[in-house]
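What follows is the residue order along each chain.
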Protein chains: 2
Amino acid sequence: MNNENALFNMRHTASHVMSYAIKMLRPDVKMGVGPATEMGFYQDYDFGQTPLSVDDFKAIEKKMRWIVNKDFALQKREISVAEAKELFAGDPFKMALIEGIEKKGEACTLYDFVDGEGNARYTDLCAGPHVASTGQIGTFKLMKVAGAYWRGDENEPMLTRVYGGTFADADGLAAHLHMLEEAAKRDHRKLGKELDLYTTSDLIGSGLPLFTPRGTVVRDAIQDEIMKLQYAHGYRRVAIPHICKKDLYETSGHWQKYKDDLFHVHGKGDTEFVMKPMNCPHHTQIYASQMRSYRDLPIRYCEVTACYRDEQPGELLGLSRVRALTQDDGHVFCRMGQIKDEAAKIIDIARAFHTKTGMWAEGNFEVYLSVRDPEKPEKYLGDSANWDIAEQLLEEVAAEAGLKVKREEGEAAFYGPKLDFQFADAIGRKWQLTTIQLDFVMPDRFDLTYINEAGEKERPVMIHRAIAGSLERFMAVLIEHYAGAFPAWMAPVQAVLLPVGQQHDAFTDDLQKQLMTAGVRAEIDVPTETLGKRIRASQKAKVPFSIIIGDTETGGGPLTVRRYGAQKDEQMTVEELISALA
Amino acid sequence: MNNENALFNMRHTASHVMSYAIKMLRPDVKMGVGPATEMGFYQDYDFGQTPLSVDDFKAIEKKMRWIVNKDFALQKREISVAEAKELFAGDPFKMALIEGIEKKGEACTLYDFVDGEGNARYTDLCAGPHVASTGQIGTFKLMKVAGAYWRGDENEPMLTRVYGGTFADADGLAAHLHMLEEAAKRDHRKLGKELDLYTTSDLIGSGLPLFTPRGTVVRDAIQDEIMKLQYAHGYRRVAIPHICKKDLYETSGHWQKYKDDLFHVHGKGDTEFVMKPMNCPHHTQIYASQMRSYRDLPIRYCEVTACYRDEQPGELLGLSRVRALTQDDGHVFCRMGQIKDEAAKIIDIARAFHTKTGMWAEGNFEVYLSVRDPEKPEKYLGDSANWDIAEQLLEEVAAEAGLKVKREEGEAAFYGPKLDFQFADAIGRKWQLTTIQLDFVMPDRFDLTYINEAGEKERPVMIHRAIAGSLERFMAVLIEHYAGAFPAWMAPVQAVLLPVGQQHDAFTDDLQKQLMTAGVRAEIDVPTETLGKRIRASQKAKVPFSIIIGDTETGGGPLTVRRYGAQKDEQMTVEELISALA
């Protein structure tokens, strides 16, 4: 994402405006960090013994409007670390930030709110950027208050995080408030419970959802569809264990960077195991288990398997943020000259899959090409000529697939360039789902080779790819996207059969068998309640097709079908019903 | 299994005979434990600085024959702990065993080899039973030498384990030696490598196999077949995380018993997690996530998921004994009155599945009904009347399924009776695969309920069931059973297409597409080698069908097909080939 746009600056400045307002009302407040966010901003505060609540928002917003009306100019200035320490001596959080700046040897910069007479009315430690004056921050609204640990660390003090929204104009704010209202209705945690898709247990722990039979149908439908598409493109399933010795991640280089975020596993012996936070190092070991020839390449492994991340309990959220996340993961080992074909295959798979979910539509998704920062070539590992070629190839393959790509300089990982696909859901929220990442580094670390035409060893390139990403997160996205009304191919129950009376039971049983044999997930709701009540129940359960079976139907007529959300019934034969459900 | 049969006693006595022989040759030897095994016996020794090797077997066997010819009588006598300590003062392992006996308050018993004059020629600490005299131990042979930790604990000294075989007669020994030879040829570790089914990596750790694409096909075929059969019987898939708080196992009661054999997981926080050693407690939490009515029962969950056991590195063996084992697991929650129907369904599934693998055949499997020990009713939890009913029901359901059942008193788990199915592989080795276990205890521990017809809460019964057991172990069994030549439905590659020359490539490509579309795993072996060499390669890879494509075939004739192991070719149409592969 481009952080340097106008809205970002407005949001960033708005957070300073809020802090100034709060300082006026609560002079003793201490301040943590406060960045701009996608829809506005937040700022952490320590209010001491007198907590802040949403009841205080009115007073704060009033002060904020006064600051906006004053249209203070924002002016940046650099000061020494010693000066900064003097200025913020009373605020332990600021002092900690200043010490961080000092350690990195960076400059301390301040932003002042300057009035017409040139006086600084409010000053904060900040690297910027901001809008030119407080009058330019657009329409804003304080949103909510939450607890947040200083530095996200549960051993540190709990601060109060105040969230605000900032928009170009009042229409933007109204649209956002409407979106929030819709999002609350569609909340996957609420629908997950109502539709019996997953559950959690205090005995098992937070961030560790269990999928019920209904939720597992949805999960399997997603997984099977991706696997089917991948199989047709030459991907083959593999199966790896979920734990490994730390040696694997020492070799990959992840241990040094991420060891504090891993789950560590110990048995009776001395061996240090970890739960895998990713699958690529494991897949390299399958590649490395045989001598490979150029004739064997590309080799494509895929798998749906869980990875584990020790997320802070406070950051866990339903299916969106979990401790055990299931990835539709896959890795291609190929030659430089095969990158383009392989990327094209992955785009084909993503196109077919997200077309089926309804998300791949003109204007509904964006593609980002992350390339090197041309000014910091030292940040990137691997041969520079290969980087040039690879960046070029990814750009070409996207163009040939008819995709408009946003080029993002400096956003590439240190190991290679990538293409990311970001999709909008039904209420406009954006989700990064598909990714295609080239990797020049891991094949080196694991000394992966193949024998080329001349009988010499060569290094393959590795491509990391995901179509849906984490299945849990993707399910959360889809539950909210569809508001729980899944399309028939992934619905837990595709058709509910409603015999009008007991005299229709035998016909209904036969029809269920016929549908089940054709692979349709059909259930019967026996006539212990009125038909009207049962139709309402099937609509509440968001079943795609409700089939009403009375005398006409048992007498040989077509089936009477009510689609989810439809006001009117349709007539269709069993064959038509089956083909509508495929 | 019945340990009190004659062969067991012969084997047990043979181990004493070996120890006496070794004592004669190596008077300073110290002795660990030495039980009878299924084919003979073993005994652990500490040989100090002079290790024993198979080269010593000849001399030991000579002494053993002398002992057998002397036909010493075996006489049991009881002594006090103090006397035992005096007698075995020089042997630290014996002393540890005696201290164990002392702690348990049990009696110390010795077995003497007594000669014709009534003199004890050799004495060992032993609870028996034995044959009457050393002349009765049948045909024996020393087999191998291996290292083994004292008490299986890697922190204890490494001892030398000497294995021997004992048989009723020379034919029994010959058959066993032939079986061993066959077993070595079929060893799944050897075939697993040759057929590229799985691999291991030192970076990942022992007991943690990775399945290659070819091995994953076999694994998925097993899993899909079981799941398909279960689905038709009303089982529904669920998906659970692989870790949980220790609280879950404290509630189930497993923590207290097994905590030292678990993998313990720690992140940044204080929460104590474990890797799941079983799935039943997780499944109770899905059951408990909703209020259940008698109308909802039976509820049947199934899943293919990994469990983790901290096995000693020395006990790990290929796919047979691993640290992460994948179970085809499932649990039924039902009423007492539904047990019989549910057990019948599970027998149906097992029959269909093991018929497909070729193992379910008259005389090739045995069924054991494990019931209470009538003399120790206090060992079993749950209502005694329910136990009576359940044991009766399992007996009835087996009889109605036409199964002859061996009743094993005292072999039931403390929580309920069970039916176990033991199958013989192609070389006669026996494997316990399918199990059906009733459980009256876990529903209690997790306070599981349903509402009965009267609106009152009742406890469901739980049935634990597995069809193949651990997929890894089952794959090891099948690889050795088939000697790597899998039946077509589970073969990694079902058909290899062999164009005679390049002029047949286009036809071959089309045929592959046609086969792949029909779901056949077909590969092409292009004509870079002679046809003869390529046919030999496909036979070596044990591909069920090799299809030779020359002028006749491209000219519209039927396909020329060589089945694995066949001497002659067959002619068949594409349709016939596809139906042969289903």
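Residues numbered from 1 in each chain as written. Chains lettered and ligands numbered in written order. Predicted model: local features only at pLDDT ≥ 70, side-chain atom pairs only at ≥ 80, totals over all residues. Heavy atoms only, no water.

1. Re the overall build of chain A
Along the backbone of chain A there are 18 helices and 27 strands. Sorting the 582 residues of chain A into buried and exposed places 54% on the buried side. The long-range share in chain A, meaning contacts at least 24 apart out of those at least 6 apart in sequence, stands at 70%. Looking at chain A as shown, the accessible area adds up to about 25800 Å², and 48% of this sits on carbon and sulfur atoms. Once the 71 positive and 86 negative side-chain charges of chain A are each reduced to a mean point, those two points are 2 Å apart. (Helix = DSSP H or I, 4+ residues; strand = E, 2+ residues; numbered from the N terminus. Buried < 20%, exposed > 50% of the residue type's maximum accessible area, 1.4 Å probe, protein only. Contact = heavy atoms within 4.5 Å. Areas by Shrake-Rupley, 256 points an atom, 1.4 Å probe, with all protein chains shown as cover. Lys, Arg positive; Asp, Glu negative; His and termini not counted. Charge placed at Lys NZ, Arg CZ, Asp CG, Glu CD.)

2. Remarks on the interface of chain B and chain A
Between chain B and chain A, the contact holds 57 residues from the first and 58 residues from the second. Both sides of the chain B and chain A interface together cover about 4700 Å² of buried area, and 62% of this is carbon and sulfur. Taken as a group, Leu203, Ile204 and Lys268 of chain B account for 14% of the area that chain B buries against chain A, more than any other trio of residues on that side. Applying the counting rule to chain B against chain A returns four salt bridges. Between Asp220 of chain B and Arg237 of chain A there is a salt bridge whose closest N-O contact spans 3.6 Å. Here chain B and chain A share 23 residue pairs in polar contact (both at pLDDT 80 or more) between them. Counting residues per element, the side of chain B that touches chain A draws most heavily on helix α7 (residues 213-232) of chain B, at five residues. The residue inventory of the side of chain B that touches chain A, partitioned by class, reads 25 nonpolar, 16 polar and 16 charged. (Buried area = accessible area lost by both parts, 1.4 Å probe. Salt bridge = Lys/Arg side-chain N within 4 Å of Asp/Glu carboxyl O. Polar contact = N/O pair within 3.5 Å; in protein donor to acceptor, adjacent residues only side chain to side chain. Nonpolar A, V, L, I, M, F, W, Y, C, P; charged D, E, K, R; others polar.)

3. Comments concerning the packing of aromatic side chains
Across all of its chains, the model carries 44 aromatic pairs over all chains by this definition. Here the aromatic rings of Tyr287 of chain A and Phe333 of chain A are separated by 4.6 Å at their centres, their planes lie at 25 degrees, and the arrangement is stacked. Remark: Phe333 of chain A occurs in strand β15 (residues 324-334) and Tyr287 of chain A occurs in helix α10 (residues 280-287); sequence separation between them is 46 residues. You can call Phe333 of chain A buried: its relative accessible area is 0%. The interplanar angle of 70 degrees and the centroid separation of 6.2 Å between the aromatic rings of Tyr482 of chain A and Phe486 of chain A together place this pair among those described as edge-to-face. Each member of the pair, Tyr482 of chain A as well as Phe486 of chain A, carries the same accessibility label: buried. Through pairs of rings, three or more aromatic residues link up here, namely Tyr20, Trp66, Phe72, Phe113 and Tyr122 of chain A. Over the aromatic face of Tyr42 of chain A sits the side chain of Arg161 of chain A, whose NZ or CZ is 3.9 Å from the ring centroid. Here Lys94 of chain B stacks its cationic end above the ring of Phe88 of chain B, 6.0 Å away from the centre of that ring. (Phe/Tyr/Trp six-rings, centres within 6.5 Å; stacked < 30°, edge-to-face > 60°. Lys NZ or Arg CZ within 6 Å of the ring centre and 35° of its normal.)

4. Some thoughts on the sheet that holds strand β27 (residues 570-572) of chain B
Residue and element names in this part refer to chain B. The strand order across the open sheet built from five strands is β24-β23-β25-β26-β27, with neighbouring strands paired in mixed fashion. Strands at the two margins of the open sheet, each flanked by one partner only, are β24 (522-524) and β27. The average undirected angle you get between the axes of adjacent strands in this sheet is 30 degrees. Here three bridges tie strand β23 (residues 495-499) to β24, and the two strands are oriented parallel to one another. Within the sheet, the bridge partner assigned to Val496 lies in β24 and is Glu523. In the packing of helix α15 (residues 505-517) onto the sheet, contacts are made with β23, β24, β25 (545-549) and β26 (559-563), and the angle to β24 comes to roughly 165 degrees. (Pairing = 2+ DSSP bridges. Axes fitted to C-alpha atoms, helices over the stretch in contact; angles between N-to-C directions.)

5. Focus on the domain arrangement of chain A
Residue and element names in this part refer to chain A. If you check the domain split of chain A, you get domain 1 (3-182), domain 2 (194-482) and domain 3 (495-580). A C-alpha centroid distance of 36 Å is found between domain 1 and domain 2. The interface is formed by four residues belonging to domain 1 together with four residues belonging to domain 2. Buried surface at the junction of domain 1 and domain 2, summed over both partners, amounts to about 440 Å²; 59% is from carbon and sulfur atoms. The largest contributions to the domain 1 side of the interface with domain 2 come from Gly152, Glu154 and Met179, which together make up 67% of the buried area. Across the contact surface, domain 1 and domain 2 share zero salt bridges. If you look at where domain 1 meets domain 2, you find one residue pair in polar contact (both at pLDDT 80 or more). Across the side of domain 1 that touches domain 2, the residue classes tally to one nonpolar, one polar and two charged. (Domains from an automatic or database assignment.)

6. Here's the deal with helix α11 (residues 339-357) of chain A
Residues and elements named next belong to chain A. Here α11 spans 27 Å end to end across 19 residues, near enough to the 27 Å set by a 1.5 Å rise per residue. Where α11 is concerned, the buried positions are Ile339, Glu342, Ala343, Ile346, Ile347, Ile349, Ala350, Phe353, His354 and Thr357. Taken down its axis, α11 places every buried residue within 160 degrees of arc, on the same side. (Expected span 1.5 Å × (residues − 1). Arc of directions from axis to C-beta.)

7. Comments concerning the state of the cysteines
Cysteine pairs can be linked by a disulfide, which is a covalent bond between their two sulfur atoms. All names here are of chain B. What the rule picks out here adds up to zero disulfides over all chains. Cysteine Cys244 remains unbridged, with the sulfur of Cys307 as its closest cysteine sulfur at 10 Å. Overall, the relative accessible area of 0% leaves Cys244 in the buried class. (Disulfide = S-S within 2.5 Å.)

8. Comments concerning the relation of the copies chain B and chain A
You can overlay chain B on chain A at an RMSD of 0.3 Å; the transform is a turn of 179 degrees with a shift of 0.1 Å along its axis. Classification of the inter-copy transformation places it as that of a two-fold axis. Identified as the residue of chain B closest to the rotation axis by C-alpha distance is Val265 of chain B, at 2.3 Å. Interface overlap between copies is the fraction of interface residues in one copy that are interface residues in the other; for chain B against chain A it reaches 100%, indicating a shared surface. (Least-squares fit on C-alpha atoms with pLDDT ≥ 70 in both.)

9. Considerations on the pattern of salt bridges
Here the idea is simple: oppositely charged side chains can pair when their charged atoms come close. Applying the stated criterion to the full structure yields 76 salt bridges over all chains. For the salt bridge of Asp112 of chain A with Arg77 of chain A, the shortest nitrogen-to-oxygen distance reads 2.5 Å. Taken together, the positions of Asp112 of chain A in strand β4 (residues 108-114) and Arg77 of chain A in strand β3 (residues 73-79) put the pair 35 residues apart, joining distant regions of the chain. Since its relative accessible area comes to 37%, Arg77 of chain A is described here as partly exposed. The shortest N-O distance in the salt bridge between Lys356 of chain B and Glu225 of chain B comes to 3.6 Å. Here Lys356 of chain B, found in helix α11 (residues 339-357), pairs with Glu225 of chain B, found in helix α7; they are 131 residues apart in sequence, far enough to count as distant. For Glu225 of chain B, a relative accessible area of 10% translates into the label buried. Connected through salt bridges with shared partners, the residues Arg372, Asp388, Glu391, Glu395 and Arg407 of chain A form a single ionic network.

10. Re empty space enclosed by the protein
The method is simple in principle: a probe with the dimensions of a water molecule rolls over the atoms, and the space it marks as empty is what remains. Inspection of the entire model under this criterion finds three cavities of 30 Å³ or more. In this structure, the largest cavity occupies an estimated 80 Å³ of space. Surrounding the largest cavity, Gly267, Lys268, Gly269, Asp270, Thr271 and Phe273 of chain A together with Glu154, Asp310, Glu311, Gln312, Pro313 and Arg323 of chain B form its lining. Taken as a whole, the second largest cavity encloses approximately 70 Å³ of empty space. Together, Leu195, Leu197, Arg214, Gly484, Phe486, Ala491, Pro492, Val493, Ala541, Lys542, Val543 and Pro544 of chain A line the second largest cavity. When the residues that make up the lining of the second largest cavity are grouped by side-chain class, the tally is nine nonpolar, one polar and two charged. In terms of domain composition, the lining of the second largest cavity takes at least three residues from each of domain 2 (194-482) and domain 3 (495-580) of chain A. (1 Å grid on protein atoms, 1.4 Å probe; cavity = no way out; pocket = protein on both sides within 12 Å on 5 of 7 lines; lining within 4 Å. Points joined across faces, edges and corners; volume = space filled by probe spheres on them.)

11. What to know about the environment of Asp196 of chain B
Turning to its location among the elements, Asp196 of chain B is positioned in the loop between α6 (188-194) and β8 (198-199). Each C-alpha atom, one on Asp196 of chain B and one on Phe211 of chain B, is 8.9 Å from the other, the two residues being 15 residues apart in sequence. Not counting chain neighbours up to four residues away, the residues in contact with Asp196 of chain B comprise Gln290 of chain A together with Leu191, Thr212, Arg214 and Gly215 of chain B.

12. Quick notes on the pairing of strand β16 (residues 365-371) of chain B
All names here are of chain B. Along β16, six of the seven residues are buried, which leaves the element largely enclosed by surrounding structure. As judged from the five bridges shared by β16 and strand β17 (residues 405-409), these two strands associate in the parallel manner. Bridged to Tyr368 within β17 is Lys406. As a crossover connection, the stretch from β16 through helix α12 (residues 384-400) into β17 is right-handed. (Right-handed = clockwise from strand over helix to strand, strands pointing away.)

13. Focus: the sheet that holds strand β12 (residues 264-266) of chain B
The strand order across the open sheet built from six strands is β11(A)-β13(A)-β12(A)-β12(B)-β13(B)-β11(B), with neighbouring strands paired in antiparallel fashion. Edge positions in the sheet fall to β11 (243-245) of chain A together with β11 (243-245) of chain B, since each has one partner strand and no second. Going from strand to strand, the sheet's axes swing by 35 degrees on average, the running direction of each strand aside.

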